[in-house]
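Notes for the structure review
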Amino acid sequence: MTDESTYSIINEPVPFASDELFFSRTDERGIILSGNQVFQRISMYGWDELLHKPHNLIRHPHMPKAVFWLLWDTIKRGEPIGAYVKNRAKDGRYYWVFAIITPIEGGYLSVRLKPESPLLKTVDAEYSALRKRELNDTLRPEDSAALLTERLETLGFTDYTEFMATALAQELNAHHASLQQPLNRAIEPFLALMRQAKTLLEEAERIFDAYTESQYVPMNLQVQAAQLGTQGATIGVISNNYTIISDEIKSAMDDFVTAAEQVHHTICNGLFLTCVAEIQQEMRSFFASENDGDAPINAAEEIASLQQQEHAYEAKALQGLRDISAQSEQFRQSCQDMKRLAAGLEVTRMMAKVESARLSVKVDGLNELIDDLDQFQNAISDGLKKIEQSNQAIAFGITPLLRSTKKAA
């Protein structure tokens, strides 16, 4: 028997309009303290049934626990998160939302909009498959969350941050299109930055993989030098030089990949924060226009709280853009360091090729080692070229976003 047996489930959606945004505010334990008229109406619970009750009152049993584990793990660290959530109304019907949960003083704020992008269909299928795994394999929530993250990678997302940023951007575009409103002009430039950052990260990882495959070349060159005896002295020197450069590359490689990951993460987070700031502004305006005098809610207090969040995330979005600019410059310095090491590696490789051709005695395997050096050198050279192009595109693309955001502020 599953926990679904305790729920009334009706496979029909609760209808609500694209322009109907809703929010709820909870304490740090997830106990509902406030919300708006749309939240109350769609849930089909009375205010007396909602207020001071756990927010999981509206949780649908089809939802994988992985999502809520990720949610709580993130907001407890003081960070915002976005997620597709299938909720259950009092009468057993369901309704999908894209929820943006942000930490606030004394608890959390969840702002929701109706998801209308094609991504929802994919998410629905993925959630269904994951929920079955949870029930059949009695997975712990954190283990299920790990499976969800792995699955997102299969779907083409580097991590959950990239997924939620992409999802919220798509949902905002769909939201505005449905209401025949202008699209947020920052979204497409941000998505272009994300594509560049992803190329940058993939190339950095490709260089790392090439290094891993060639890390035993110095040791094998030493073996070849020993077999050559006195004729192998120069090969031995070349091997020592290669070892020194290889060790420098090894010590720099982790930092290099980490820097690429940070640029990618900061761009994804910047897009997410930009979208959060917009939807919170719209939520505050929508709530101010609602007329629900019977609700036991202090509307003025809630509007002030929403406005505070709106301003806070506008500031976070601006800071996110500045962070992208700064990290792009830092990564440029990392690229220069890596190019310096690659130049030293190129000299060593050419010396090895010249010496191999000069030897009067041929040793089995030496040419193959030289070929390995060629492959590693080509991987670094090609990778750094693409990385520099992507990083330059990021630096160029962030400037107009910064200018437009500062003007809006």
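So, a few notes on the structure that sits alongside this text. A quick note: this is a predicted structure, and the numbers were derived from the prediction, not measured. (Residues numbered from 1 in each chain as written. Predicted model: local features only at pLDDT ≥ 70, side-chain atom pairs only at ≥ 80, totals over all residues. Heavy atoms only, no water.)

**Focus: the environment of Gln 40**
Counted only if it meets this: For helices the rule is a DSSP run of H or I covering at least 4 residues; for strands it is a run of E covering at least 2, with both sets numbered from the N terminus onward. Here a polar contact means two N or O atoms within 3.5 Å. Within protein one must be a hydrogen donor candidate and the other an acceptor candidate, and residues neighboring in sequence count only if both atoms are side-chain atoms.
Along the chain, the position of Gln 40 falls in helix H1 (residues 37-43). For the pair formed by Gln 40 and Phe 23, sequence separation is 17 residues and the distance between their alpha carbons is 9.5 Å. A distance of 2.8 Å separates a polar atom in the side chain of Gln 40 from the backbone oxygen of Tyr 45.

**So, the sheet that holds strand E3 (residues 81-88)**
As a reminder, the rule being used: Whether two strands pair comes down to DSSP finding at least two bridges between them. Convention adopted: a line fitted to C-alpha atoms gives each axis, helices being fitted over their contacting stretch, and angles between N-to-C directions are expressed from 0 to 180 degrees.
Strand order across the open sheet formed by five strands is E2-E1-E5-E4-E3, with antiparallel pairing between neighbours. Both edges of this open sheet fall to strand E2 (32-35) and E3, since each of them pairs with a single strand only. Strand-to-strand twist across the sheet, computed as the mean angle between neighbouring axes with direction ignored, equals 30°. Where strand E1 (residues 22-27) and strand E5 (residues 107-113) come together, six bridges link them in antiparallel fashion. Its bridge partner lying in E5, Phe 22 is registered against Arg 112.

**Focus on the pattern of salt bridges**
What counts, and what does not: Salt bridge, as used here, is a side-chain nitrogen of Lys or Arg placed within 4 Å of a carboxyl oxygen of Asp or Glu.
One pass over the structure, following the stated rule, counts 19 salt bridges. Of the charged contacts in the structure, one is a salt bridge between Glu 203 and Arg 206, with a shortest N-O distance of 2.5 Å. Highlighted residues: Glu 203 and Arg 206, both in helix H7 (residues 187-214), separated by three residues, approximately one helical turn.

**Considering the packing of H7 against helix H9 (residues 233-289)**
The following threshold applies: By definition in this entry, angles of less than 35 degrees are roughly parallel, angles greater than 145 are roughly antiparallel, angles of 65 to 115 are roughly perpendicular, and the rest are oblique. Handedness of a crossing follows from how the near helix is turned relative to the far one, being left-handed for an anticlockwise turn of less than a right angle and right-handed for a clockwise one.
Running from N to C, H7 and H9 point in directions that differ by 160°, and their axes come no closer than 9 Å. The angle between H7 and H9 places the two elements in the roughly antiparallel class. As H7 runs across H9, the sense of the crossing is left-handed.

**Quick word on the pairing of E2**
Bridge count between E1 and E2: three bridges; the pairing is antiparallel. Along E2, the bridge assignment pairs Arg 25 with Ser 34. Linking E1 back to E2 in an antiparallel pair, the connection comprises four residues, with Gly 30 at a positive phi of about 90°.

**Observations concerning helix H6 (residues 160-178)**
To keep things clear, this is the line we draw: The span you would expect from a helix comes to 1.5 Å times its residue count less one. For every residue, the accessible area obtained with a 1.4 Å probe (protein chains only) is divided by the maximum for its type, and the residue is called buried under 20%, exposed over 50%, and partly exposed between those limits.
For H6, with 19 residues, the first-to-last C-alpha span of 26 Å sits near the 27 Å given by 1.5 Å per residue. The buried fraction of H6 is high, at 16 of 19 residues. Two or three places before Thr 161, at the start of H6, stands the capping residue Asp 159, its side-chain oxygen 3.3 Å from that residue's backbone nitrogen. A positive backbone phi angle near 55° is found at Gln 180, which sits one or two residues after H6.

**So, the packing of aromatic side chains**
Rules: The aromatic pairing rule takes the rings of Phe, Tyr and Trp, using the six-membered ring of Trp, and pairs them if the centres are within 6.5 Å, calling planes under 30 degrees apart stacked, those over 60 edge-to-face and the rest tilted. Look at NZ for Lys and CZ for Arg. If either is within 6 Å of the ring centre and within 35 degrees of the ring normal, a charge sits over the ring.
Applying the stated criterion to the full structure yields 10 aromatic pairs. Judged by centre distance (5.3 Å) and plane angle (85°), the ring pair of Phe 157 and Phe 163 falls under edge-to-face. Look at Phe 163 and you get buried, because its relative accessible area is 5%. Through pairs of rings, three or more aromatic residues link up here, namely Tyr 84, Phe 98, Phe 157, Tyr 160 and Phe 163. Above the ring of Phe 68, the side-chain terminus of Arg 59 is found at 3.8 Å from the ring centroid. The cationic tip of Lys 86 hangs over the ring face of Tyr 94; the distance from NZ or CZ to the ring centre is 4.7 Å.

**Digging into the nonpolar core**
How we decide: Joining through side-chain atoms within 4.5 Å is the link that ties buried Ala, Val, Leu, Ile, Met, Phe, Trp, Tyr and Cys residues into a set, and such a set is a nonpolar core. The contact rule is simple, with two residues in contact once any of their heavy atoms fall within 4.5 Å.
Counting 120 residues, the largest nonpolar core has Tyr 84 and Phe 256 as its most contacted members. No other element matches the 22 residues that H9 contributes to this core. Ignoring sequence-local partners within four residues, the contact set of Phe 256 consists of Ala 204, Ile 207, Phe 331, Ser 334, Cys 335, Met 338, Leu 384 and Ile 387.

**Some words on the pairing of E5**
In terms of burial, E5 is largely enclosed, as seven of its seven residues are buried. Pairing geometry for strand E4 (residues 94-104) and E5, over seven bridges, is antiparallel. Paired with Thr 102 across the two strands is Leu 109, which belongs to E5. Between the end of E4 and the start of E5, which pair antiparallel, lie two residues, with Gly 106 showing a positive phi angle near 85°.

Such coordinate-based values are descriptive only and should not be taken to indicate function.
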